[in-house]
Amino acid sequence: MTPYSVEVLDHFRAPRNAGRLPADAEDVGTGDVTDAAGKRLRLQLRTDARGRVTDARFKAFGCPVTIACGSWATLALIGRTLQETRQVDAARIARELGLRVEQLPLADAAVGAIRAAVAEVSRKRRRSAPQTYPNGL
Amino acid sequence: MSVRVPIYLDHQATTPCDPRVVEAMRPFWSEEFGNAASKTHALGWKAEQAVEDGRGRLAELIGADPREIIFTSGATESNNLAILGLARANRDRGRHVVSLETEHRSVLDPCRALEREGFRVTLLPVGNNGILDLDRLRDALDDETVLISILHANNEIGVIQPLAEIGEIARARRIPVHTDAAQSAGKLEIDVRTLGVDLLSFTAHKLYGPKGIGALWLRRGSPRLRLEPILHGGGHERGLRSGTLPVPLCVGFGRACELAGELRTEDARREAQLAERLWKRLSTELEAVELNGDAVHRLPGNLNISFLGVEGEALLIALPKLALSAGSACTSASREPSHVLRALGIGETRALCSLRFGFGRSTSEAEIDLAADLLIEQVTRLRALSPVWERAKRGGDGP
Ligand SMILES: Cc1ncc(COP(=O)(O)O)c(C=O)c1O
């Protein structure tokens, strides 16, 4: 009996938005989490000037659930403002992907990656917001 | 050429019962149903004869005397009987047992049980190739050591231990050696007179026989081996394993051993060719695939391969047409890197990226070719998703 839901298998077999964004870009935030078992999820998002997520990408090393969480999260993030990404939490991932109890830690890890990516791009935005220029320019 | 799916490449977990074995067992369910211990009528005598014929065939496969064979329910029970039985019967002589880090759970767990009974257990490490360092064995033995248990061929990586040398070291100190030959019996040539051990476990379902029956070979002669039973009852099997014998299974095990004796050489030659064929394709058409365990001292039908950057569990699910395992059957449920691969010191990530391939009597070249196509396709697909692979390719660190 397979422990994977149809939703997980769908994302695993046909992942959405796999890939990478330039991590140094000012409008890109990256979250990269590795769990104790060595599974890894990298989630990246790009925002427009008003702080809305216009693009999201993931890469994952781990079981089908890890990959499905990354794939699903990109779809959930695109179109939301940074503020609204708060609505994407572990319970929601678990519900939408039909995760089993023992798979919940992987949803937590995905949320960790989302929060880290949001925090990074928010930091970058605050830093560049005042638009001060060095002397002489 | 058409290939039936799923392609079974998990022969270490179990093998299909050979139709000739099923045929040999058939009369002993409903017609010749007697109890081999019934001494008072013909049904009992016939059952006893059938059991003894089977026993003789087991003995013949491993070069033993039939009186040295004790039927059990499988290698798990044989290992328990050998380890618990021998240690407990000799606890007045000493309370130290030596085994190996890469043993099957059915050896490690009885060793743990002995620890709870006050025994000391030394689990020896292996080298990067999975083979025991004989000096470590010499150093581990002391006057308290009552048993050495070292597996013959490993179920995950197929690596074969040097039992002859181990036996020599043990004999010099008069310490009995047990070996778990569940994976090697019927595949490697085994002659217990020269193998170097005193007790040997094997099981029918790994050699195209039925599930639920195994045997322990127990050397006769001096110095006499003392063993305490773990099951108490009617005194069957020389008092060492009470319980009515499953006559059809004894017959089937016997027939499977007979067939293994006839087919072993040809099976081994074919399986080694198939392993080579798969390895060639994977290692030339994919980057960064690595063989785990010694390349030479291994079972012919076994490969354990790491596909760097791709987690084994994900790869298994991506390959529904292949029946494979990411380690031993029980380890794959807990989804942690196997204790065997960790004992090789290969690092957690590489251990997570490994799959085990087991070829058998029915495996064909067409199956191997299709398996290679599917593996190459899915490894490539999953690598494109993998941050671990991306980092490895760039040779740097961080995203
Ligand atoms: C090395 C080894 N020892 C012991 C066993 C247990 O054998 P059985 O299933 O007959 O109890 C197995 C198979 O799972 C094995 O591979």
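Within any chain, residue numbers begin from 1 and follow the written order of that chain's sequence. A letter from A marks each chain and a number from 1 marks each ligand, given out in the order of writing. With pLDDT at 70 or above as the cut-off, local features in this predicted model cover only qualifying residues; side-chain atom pairs require 80 or more to be listed or tallied, and sums for whole chains, interfaces and linings still use all residues. With hydrogens and water stripped out, all remaining heavy atoms of the structure feed into the side-chain values.

What follows deals with the overall build of chain B. Numbering of helices and strands runs from the N terminus, with a helix taken as a DSSP run of H or I at least four residues long and a strand as a DSSP run of E at least two residues long. A count of helical and extended segments in chain B gives 15 helices and twelve strands. Taken over C-alpha atoms, the radius of gyration is set against a globule rule of 2.2 Å times the number of residues to the power 0.38. Over its C-alpha atoms chain B spans a radius of gyration of 22 Å, differing by no more than 12% from the 21 Å that the globule rule assigns to 399 residues. Overall size of chain B, expressed as C-alpha extent along the three principal axes, is 75 × 55 × 30 Å. Burial statistics for chain B: of 399 residues in total, 58% are counted as buried. Contact definition: two residues touch when any of their heavy atoms are within 4.5 Å. Across chain B, contacts joining residues at least 24 apart in sequence account for 75% of those joining residues at least 6 apart. Computed with the Shrake-Rupley method and a 1.4 Å probe, the accessible areas treat only the protein chains shown as cover for residues. Working note: accessible area of chain B is about 16200 Å², and carbon and sulfur atoms make up 50% of it. Relative accessible area decides the class of each residue, using a 1.4 Å probe on protein chains only: under 20% of the type maximum gives buried, over 50% gives exposed, and in between gives partly exposed.

On to the overall build of chain A, then. A count of helical and extended segments in chain A gives four helices and three strands. Each helix and strand of chain A, ordered N terminal to C terminal, gives the series α-β-β-β-α-α-α. By principal-axis analysis of the C-alpha atoms, chain A measures approximately 70 × 25 × 25 Å. Going through the 137 residues of chain A one by one, you find that 50% of them count as buried. Taking contacts inside chain A between residues at least 6 apart in sequence as the whole, the part at least 24 apart equals 62%. For chain A, the accessible surface area stands at approximately 6600 Å², while carbon and sulfur atoms represent 53% of it. Neither His nor the chain ends is counted toward charge; the positive residues are Lys and Arg and the negative residues Asp and Glu. Where a charge lies is defined by one atom per residue type: Lys uses NZ, Arg uses CZ, Asp uses CG and Glu uses CD. Counting 22 positive and 15 negative side-chain charges, chain A places the centres of these two groups 2 Å from one another.

So, about the domain arrangement of chain B. Residues and elements named next belong to chain B. Start and end positions for the domains come from either an automated domain assignment or a database one. Entries for chain B in the domain assignment read domain 1 (7-15 + 264-381) and domain 2 (19-259). Taking the mean C-alpha position of each, domain 1 and domain 2 sit 27 Å from one another. Of the residues lining the interface, 29 residues belong to domain 1; the matching set on domain 2 comes to 31 residues. Here the quantity called buried area is the total loss of accessible area, with a 1.4 Å probe, experienced by two parts when brought into contact, counted for both. Interface area, domain 1 with domain 2, both sides summed: about 2600 Å², of which 52% is carbon and sulfur. Considering only the surface of domain 1 that becomes buried against domain 2, Arg264, Leu299 and Arg361 emerge as the three largest contributors, covering 26% of it. Only one rule defines a salt bridge in this text: a Lys or Arg side-chain nitrogen within 4 Å of an Asp or Glu carboxyl oxygen. Our count for the domain 1 to domain 2 interface comes out at one salt bridge.

On to the nonpolar core, then. The tendency in soluble globular proteins is for nonpolar side chains to be buried as a group. We define a nonpolar core as any set of buried Ala, Val, Leu, Ile, Met, Phe, Trp, Tyr and Cys residues linked to one another through side-chain atoms lying within 4.5 Å. Phe307, Phe357 and Leu375 of chain B are the most contacted members of the largest nonpolar core, which totals 68 residues. The biggest single contributor to this core is helix 4 (residues 104-128) of chain A, with nine residues. Counting residues in hydrophobic clusters, the runner-up holds 64 residues, among them Ile169, Phe202, Cys250 and Ala351 of chain B.

Bringing the interface of chain A and chain B into the picture now. Listed by partner, the interface residues are 24 residues for chain A and 23 residues for chain B. In total, chain A and chain B occlude about 2000 Å² of area from one another, counting both sides; carbon and sulfur atoms represent 60% of this. Ranking the residues of chain A by area buried against chain B places Phe12, Arg40 and Phe61 of chain A at the top, with a combined share of 31%. Note that arginine 20 of chain A and glutamate 390 of chain B form a salt bridge whose closest N and O atoms lie 2.1 Å from each other. We call two N or O atoms a polar contact when they sit within 3.5 Å, provided that within protein one can donate a hydrogen and the other can accept it, with sequence-adjacent residues counted only if both atoms are side-chain atoms. There are eight residue pairs in polar contact (both at pLDDT 80 or more) connecting chain A and chain B. Looking at the side of chain A that touches chain B, the elements that each hand over two or more residues are helix 1 (6-13), strand 1 (28-34), strand 2 (40-47), strand 3 (53-61) and helix 2 (64-77) of chain A. Each residue is assigned to one of three groups, with Ala, Val, Leu, Ile, Met, Phe, Trp, Tyr, Cys and Pro labelled nonpolar, Asp, Glu, Lys and Arg labelled charged, and all others, Gly among them, labelled polar. Split into classes, the residues belonging to the side of chain A that touches chain B amount to 14 nonpolar, three polar and seven charged.

Here we come to helix 5 (residues 105-116) of chain B. All names here are of chain B. What a helix is expected to span follows from its residue count: subtract one and scale by 1.5 Å. The end-to-end C-alpha distance of helix 5 is 16 Å, a good match for the 16 Å that twelve residues give at a rise of 1.5 Å each. Those residues of helix 5 lying buried are Ser106, Val107, Leu108, Pro110, Cys111, Ala113 and Leu114. Along its buried surface, helix 5 packs onto helix 4 (75-89), strand 3 (96-100), strand 4 (120-124), strand 5 (145-149), strand 6 (177-180) and helix 12 (339-343). Note on helix 5: the residue one or two positions beyond its end, glycine 118, has a positive phi of about 100 degrees.

Time to look at the site of the ligand. Residue and element names in this part refer to chain B. Neighbouring the ligand are 13 residues; Thr76, Asp180, Gln183, Thr203 and Lys206 lie closest to it. The separation between an oxygen atom of the ligand and a polar side-chain atom of threonine 203 is 2.7 Å. In the model, an oxygen atom of the ligand is placed 2.9 Å from a nitrogen or oxygen of the histidine 205 side chain. When the free accessible area of the ligand is taken as 390 Å², the share hidden by the protein chains comes to 85%. Looking at which element gives the most residues to the shell around the ligand, the answer is helix 4, with three residues. Counted by class, the shell around the ligand contains two nonpolar, nine polar and two charged residues. One heavy atom within 4 Å of a molecule or strand makes the whole residue count as near it.

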